[in-house]
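Each chain, letter by letter, is given below.
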Amino acid sequence: MKIGLFGIGLDTYWPQFVGLKERLEGYLKQVEKNLSEHHPHIVNVGLVDTPDKAFEAGKKFKTEDVDLIFLYVTTYALSSTVLPVVQRAKVPVIILNLAPEASIDYQSFNAMTDRTQMTGEWLAHCSACPVPEIANVFNRVGVTFHQITGMLHKDPECWNEIGEWVQAAKVAHTMAYNRLGCMGHYYSGMLDIYSDLTQHYAHFGGHIELLEVEELAELRKEVSKQEMAERLQLFYETFDIQSDCPIEDLESAAKTSVALDRLVAKHKLGSMAYYYKGTGNPENEEAIASMILGNSLLTANGVPVAGEYEIKNAQAMKIMDSFGAGGSFTEYYAMDFTHDVVLMGHDGPGHIAIAEGKTKVRPLKVYHGKVGKGVSVEMSVKNGPVTLLSVVEKRGGGLMLLVAEGKSVAGPILEIGNTNSRYQFPIGARKFVNDWNSHGPAHHCAIGVGHIGSKIRKLGALLAMDVVKVC
């Protein structure tokens, strides 16, 4: 990912006010230094002060394929020297209205005896002056922009916000190049998860690879006993495997885990959704029934996997994981009115990297509503702040992002070999459930650690997607 950066000024000023241009260029270098702490790949085209330079800068941004442009307003500048820089790049623009100091030193300023020098000093502080002009022109010509108003120095709130925009741009870039694998088919009759794949291309970009279960079954045949034994050892190091887990189920899961890694590598997958009902083909059914541990490892290592062919939630999980928050597959499990919590979890793989303690592995004689039996994971998300994210398919088409912030709390869970946690919400369990459901999400969502609603809102702005925050 590349970030574009430029400052603006007016060439008429330079011969009038000695040292002003150099001073403003110094400010721009400071912005670049601060930005590079958030992301190393900055394309800085310098101080743009004429239409000719504007066209040159615009061409540079386009040829460098920048994902986001930061426009640093150093002083007054004509909008005609700003628009050409961003117009051809067709990427979102963040206007940085950053004053060099908290305030002008009025006493020292008014003590100056040279009014030309006074005007030059004022121009070094008047970054707010041209912002309405720029905003007016951007609105009228259809350039997407966002504003950050603050100070160049000693303003952590301002620079935290800038950092969130950079993080959101990184996630948008990740989604734009992500390869999502879809293996199997939808769970028959689960209408809310059916999704328009072309809308996913339209909103996120990336590539969707449709996979056959037979390919995984064939890859399992190529796994050697040594590879299976090594993966089994990794299971014992990673999970808290319960003593009643049959060794044959663990060995089957180990073989599938190795095969899954090869499938992911072969198709360069960054995420996956899967489900397979089966029609009596034992090789396919064994492959599907033994995926949970391998998919949990993948999910913990940057390749989130969603069950029930829930493509929308695979996207939500990838977004959460790209923000560094995790993103575990979940749904309502029950409500606890006594403690005002919602129990949420899911069968199948979990994001074990965000688990509270070591994830247990338990044997199941039946996967409820699904083919097969075998071993499954039981975990809770780390206690503390959490964020829920759902990619929602809207009535009439298009996608939106639905967000809520809450807290994972300690307490009893259902020890049934599934992921499940207890969540509290600032608006209470009843209101959360009603408000969340009112926006029509599918019954799945992704849960990650930390409160990142503001980052997701910025991601939505960059992707031109509606974002609704419930709490």
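Residues numbered from 1 in each chain as written. Predicted model: local features only at pLDDT ≥ 70, side-chain atom pairs only at ≥ 80, totals over all residues. Heavy atoms only, no water.

Right, let's talk about helix α11 (residues 225–238) for a bit. With 14 residues, α11 extends 20 Å between its outermost C-alpha atoms, agreeing within 8% with the 20 Å of an ideal straight helix rising 1.5 Å per residue. Among the residues of α11, those classed as buried are Met228, Arg231, Leu232 and Phe235. Within α11, the buried residues cover an arc of 105 degrees as seen down the axis, which keeps them to one side. The exposed residues of α11 that point more than 90 degrees off its buried face are Gln226 and Glu237. (Helix = DSSP H or I, 4+ residues; strand = E, 2+ residues; numbered from the N terminus. Expected span 1.5 Å × (residues − 1). Buried < 20%, exposed > 50% of the residue type's maximum accessible area, 1.4 Å probe, protein only. Arc of directions from axis to C-beta.)

This part is about the environment of Lys59. In this fold, Lys59 is placed in helix α3 (residues 51–64). Taking the C-alpha atoms as reference points, Lys59 and Pro246, 187 residues apart in sequence, are found 63 Å from one another.

Looking now at the pattern of salt bridges. When their charged atoms lie close together, side chains carrying opposite charge are able to pair. One pass over the structure, following the stated rule, counts 21 salt bridges. A salt bridge links Arg220 to Glu286; the nearest nitrogen and oxygen atoms lie 3.5 Å apart. Linking Arg220 in helix α10 (residues 213–221) with Glu286 in helix α13 (residues 282–289), this pair joins segments that are 66 residues apart in sequence. Looking at Arg220, the relative accessible area reads 8%, which means it is buried. (Salt bridge = Lys/Arg side-chain N within 4 Å of Asp/Glu carboxyl O.)

If you walk across this open sheet you meet the three strands as β8-β13-β14, and the pairing is mixed. Strands with a single pairing partner mark the edges of an open sheet, and in this sheet they are β8 (240–241) and β14 (374–378). When strand β13 (residues 360–364) meets β14, the two strands line up antiparallel, connected through five bridges. Each residue of the ladder has a partner; that of Arg362, found in β14, is Ser376. Most of the contacts of helix α12 (residues 247–267) go to β14, to which it runs at about 75 degrees, and overall it touches β8, β13 and β14. (Pairing = 2+ DSSP bridges. Contact = heavy atoms within 4.5 Å. Axes fitted to C-alpha atoms, helices over the stretch in contact; angles between N-to-C directions.)

To continue, consider the sheet that holds strand β6 (residues 179–184). Backbone-to-backbone hydrogen bonds join strands into a sheet, with any given pair of strands oriented parallel or antiparallel. Here we have four strands laid out as an open sheet, ordered β7-β6-β9-β10, and parallel in their pairing. Edge strands, defined here as strands with exactly one partner in the open sheet, are β7 (207–211) and β10 (305–306). Bridge count for β6 against strand β9 (residues 271–275) is five bridges, and the pairing is parallel. When the bridges of β9 are listed, Met183 appears paired with Tyr274. With respect to the sheet, helix α15 (residues 311–322) is in contact with β6, β9 and β10, its orientation differing from that of β9 by roughly 150 degrees.

Let us now look at a positive patch on the surface. Judged by side-chain charge, Lys59, Lys62, Arg88 and Lys90 come together as a positively charged surface patch. With respect to the secondary-structure elements, Lys90 resides in the loop between α4 (83–87) and β4 (93–99). (Patch = residues over 30% accessible without salt bridge, like charges linked within 9 Å, V, L, I, M, F, W, Y side chains within 5 Å. Areas by Shrake-Rupley, 256 points an atom, 1.4 Å probe, with all protein chains shown as cover. Lys, Arg positive; Asp, Glu negative; His and termini not counted. Charge placed at Lys NZ, Arg CZ, Asp CG, Glu CD.)

Here the focus is the packing of α10 against α12. α12 packs onto α10 with a crossing angle of 115 degrees between their chain directions and a minimal axis gap of 8 Å. Viewed along their axes, α10 and α12 form a crossing whose handedness is right-handed. Contacts between α10 and α12 pair Glu215, Leu216, Leu219 and Arg220 from the former with Ser252, Lys255, Thr256, Ala259, Leu260, Arg262, Leu263, Lys266 and His267 from the latter. In terms of residue class, the contact of α10 with α12 is built from five nonpolar, three polar and five charged. (Left-handed = near helix turned anticlockwise from the far one by under 90°. Nonpolar A, V, L, I, M, F, W, Y, C, P; charged D, E, K, R; others polar.)

Time to look at the packing of aromatic side chains. Scanning the model with the defined rule gives ten aromatic pairs in all. Each ring, one from Phe235 and one from Phe239, has its centre 5.9 Å from the other, and the planes form 70 degrees; the classification is edge-to-face. Through successive ring pairs, a cluster of aromatic residues spans Tyr13, Trp14 and Phe17. (Phe/Tyr/Trp six-rings, centres within 6.5 Å; stacked < 30°, edge-to-face > 60°.)

So yeah, pure geometry; function would need other evidence.
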